[in-house]
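# A look at the structure
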Amino acid sequence: MASLSLKAITKRFGKVVALSGVDLHVEDGEFCVLLGPSGCGKSTLLNIIAGLIPQDEGTVLLDGEPVDRLAPRDRDVAMVFQSYALYPHMTVSRNLSFGLRMRGVPKPTIHKQVLETARLLGIEDLLDRKPRELSGGQRQRVAMGRAMVRKPKLFLLDEPLSNLDARLRSSVRLELKRMHRQIKGTIVYVTHDQVEAMTLGDRVVVMRDGKVRQIDRPETIYARPVDTFVATFIGSPEMNLYQGRLVRKDGRTHFQGPGFSLDLGGLQINLEEGKVELGIRPEDIRIGQGGTTVLEAKVEMLSNVGSEKYIHARLGQEGLTVCVPKEAAFEPGQVIPLTIDPGRVHIFHKGCRL
Ligand code: ATP
């Protein structure tokens, strides 16, 4: 397979700037996920890599070689779309072999590669069926198989799981991960689903408004989001975020939020005093006293997701979400003490992490 580099890719559709100065390097064999809200430019970027639409500025390189002048079929990349785009009148076997037949690959080679791919995906028994006789998950595997059978340099996957129901989605997700381990392919995968991105990606590229906001391993993006957009886009329930001021008193740092104040102790922050935003993830708040930083919040509502519960409370003038174990019993109206470890808070200045 191949490595992929994007250098300063810019694309405009009339007045709309779909992509602006996108730089990215994907290692050979890496699973890279493009994540961002609808309209941020993910699909446009994928189509530019495939050669389906031309960029206005910048270069696409495969294994260090520019491919901008190459037509899609000469780039040797395989694309899997959300719709799968299987040929309805062809059997699974014919669907799998289509690309190879078009390229004039000898029949015995086609036969061997189709069988090999079908075995790898566990779809040998389905080779004589038509797409309408398959489940959503099976169709998804055939679509992947059709991409894999050509042994391309690069796989480009555009929301390939979004047509599946939630249960199937998570099992096909695991299959995809296992498949990636086996074939060690270079994959660029587009999604707006953060769970998909975090579970699948070796690295995740978070995009917004045509720009890359952060490229990192999933755990780093979660632990050290570079800005308030990434901080609130990643994580469910969302990070609690408050506007306020940082003040220093007696060698200690305090955050003065809307109707509450938080003692951050000796937390080292690269800002003396002034306006900041403070973020704290719902699972990083402890209920009960015992730490240095204790606040009080009033429970408004509880939601139970089975494995845990979320408390929706009021902290000063703002809302607050806290994750608690499923057996925890709280009632609306109850006032609860909260302990926040200053080491767990995220401080942002003008939207960017300090
Ligand atoms: P989604 O998750 O909804 O598919 P996306 O992140 O893939 O969104 P793109 O489809 O790449 O976003 O679109 C990026 C921006 O470019 C959007 O504002 C979109 O409206 C615009 N755009 C995309 N294709 C065209 C086109 N052919 N003509 C005009 N504008 C376009």
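Just so you know, these numbers come straight off a predicted model, no measurement behind them.

This next bit is on helix H5 (residues 136–148). Here H5 contains 13 residues, and its C-alpha end-to-end distance of 18 Å stays within 8% of the 18 Å for a straight helix at 1.5 Å per residue. Burial analysis of H5 places 11 of its 13 residues in the buried class, the great majority of the element. Residues Gly 137, Gln 138, Gln 140, Arg 141, Val 142, Ala 143, Met 144, Gly 145, Arg 146, Ala 147 and Met 148 constitute the buried set of H5. Summarising the contacts, the buried residues of H5 are in contact with strand E6 (77–80), helix H3 (92–102), helix H4 (107–121), strand E7 (154–158) and helix H6 (166–183).

With that settled, the discussion passes to the pairing of strand E12 (residues 252–257). Strand direction decides the pairing type here: strand E11 (residues 240–249) and E12, joined by five bridges, are antiparallel. By the bridge assignment for E12, Val 247 is matched with His 254. Where E11 hands over to E12, the hairpin turn is made up of two residues, of which Asp 250 adopts a positive phi near 50°. Pairing of E12 with strand E13 (residues 260–263), which is carried by four bridges, proceeds in the antiparallel orientation. Paired with Gly 257 across the bridge in E13 is Phe 260. Hairpin geometry of E12 and E13 is characterised by an intervening segment of two residues between the two adjacent antiparallel strands and by a positive phi of about 90° at Gly 259.

Now for the packing of H3 against H5. Here H3 crosses H5 at 30°, and the two axes come no closer than 7 Å. Here H3 lies roughly parallel to H5, going by the angle between them. Of the two possible hands of crossing, H3 and H5 adopt the one that is right-handed. Each of Val 92, Asn 95 and Leu 96 in H3 lies in contact with H5, whose residues at this interface are Val 142, Gly 145 and Arg 146. Its residues assigned to classes, the contact of H3 with H5 comprises three nonpolar, two polar and one charged.

To continue, consider the site of the ligand. Every residue lining the ligand is accounted for by Phe 13, Val 16, Ala 18, Pro 37, Ser 38, Gly 39, Cys 40, Gly 41, Lys 42, Ser 43, Thr 44 and Glu 159. The side chain of Lys 42 places a nitrogen or oxygen atom 2.9 Å from an oxygen atom of the ligand. Ser 43 places a polar side-chain atom, nitrogen or oxygen, 2.8 Å from an oxygen atom of the ligand. Protein coverage of the free-state accessible area of the ligand, which is 630 Å², stands at 57%. Contributions of two or more residues to the shell around the ligand are made by strand E2 (16–26) and helix H1 (42–50). A per-element tally of the shell around the ligand places H1 first, with three residues. Per-class residue counts for the shell around the ligand are five nonpolar, five polar and two charged.

Side chains of Glu 27, Asp 28, Asp 63 and Glu 65 sit close together on the surface and give a patch of like negative charge. You can see Asp 28 is positioned in the loop between E2 and strand E3 (31–35). When its relative accessible area of 44% is taken as the criterion, Asp 28 is described as partly exposed.

Glancing now at the sheet that holds strand E1 (residues 4–13). Across the sheet, four strands lie side by side as E2-E1-E4-E5; this open sheet has antiparallel pairing. Looking along the sheet, the strands with just one partner apiece sit at the ends: E2 and strand E5 (65–66). Both E1 and strand E4 (residues 57–62) contribute to a ladder of five bridges, which runs antiparallel. Along E4, the bridge assignment pairs Lys 7 with Thr 59. Lying on the sheet, H1 is in contact with E1, E2 and E4; it crosses E1 at an angle near 120°.

Taken as a whole, the protein chain is organised into domain 1 (4–233) and domain 2 (240–353). A straight line from the C-alpha centre of domain 1 to that of domain 2 covers 39 Å. Taken together, the nine residues of domain 1 in the interface contact nine residues of domain 2. Approximately 800 Å² of surface area, both sides summed, lies buried where domain 1 meets domain 2, with 50% of it carried by carbon and sulfur atoms. The largest contributions to the domain 1 side of the interface with domain 2 come from Tyr 222, Pro 225 and Thr 228, which together make up 54% of the buried area. Taken together, domain 1 and domain 2 are joined by five residue pairs in polar contact (both at pLDDT 80 or more).

Our next topic: H4. With 15 residues, H4 should cover 21 Å at 1.5 Å per step; its first-to-last C-alpha distance of 21 Å lies within 8% of that length. Every buried residue belonging to H4 is among Ile 110, Gln 113, Val 114, Thr 117, Ala 118 and Leu 121, and all of these are buried. Down the axis of H4, the sector holding all buried residues measures 130°, keeping them to one side. Those residues of H4 that are exposed and angled more than 90 degrees off the buried face are Pro 108, His 111, Lys 112 and Arg 119. Residue Gly 122 follows H4 closely and has a positive phi angle near 65°.

Rules of the game
Residues numbered from 1 in each chain as written. Predicted model: local features only at pLDDT ≥ 70, side-chain atom pairs only at ≥ 80, totals over all residues. Heavy atoms only, no water. Helix = DSSP H or I, 4+ residues; strand = E, 2+ residues; numbered from the N terminus. Expected span 1.5 Å × (residues − 1). Buried < 20%, exposed > 50% of the residue type's maximum accessible area, 1.4 Å probe, protein only. Contact = heavy atoms within 4.5 Å. Pairing = 2+ DSSP bridges. Axes fitted to C-alpha atoms, helices over the stretch in contact; angles between N-to-C directions. Parallel < 35°, antiparallel > 145°, perpendicular 65-115°, else oblique. Left-handed = near helix turned anticlockwise from the far one by under 90°. Nonpolar A, V, L, I, M, F, W, Y, C, P; charged D, E, K, R; others polar. Near = heavy atom within 4 Å. Polar contact = N/O pair within 3.5 Å; in protein donor to acceptor, adjacent residues only side chain to side chain. Areas by Shrake-Rupley, 256 points an atom, 1.4 Å probe, with all protein chains shown as cover. Patch = residues over 30% accessible without salt bridge, like charges linked within 9 Å, V, L, I, M, F, W, Y side chains within 5 Å. Salt bridge = Lys/Arg side-chain N within 4 Å of Asp/Glu carboxyl O. Lys, Arg positive; Asp, Glu negative; His and termini not counted. Charge placed at Lys NZ, Arg CZ, Asp CG, Glu CD. Domains from an automatic or database assignment. Buried area = accessible area lost by both parts, 1.4 Å probe. Arc of directions from axis to C-beta.

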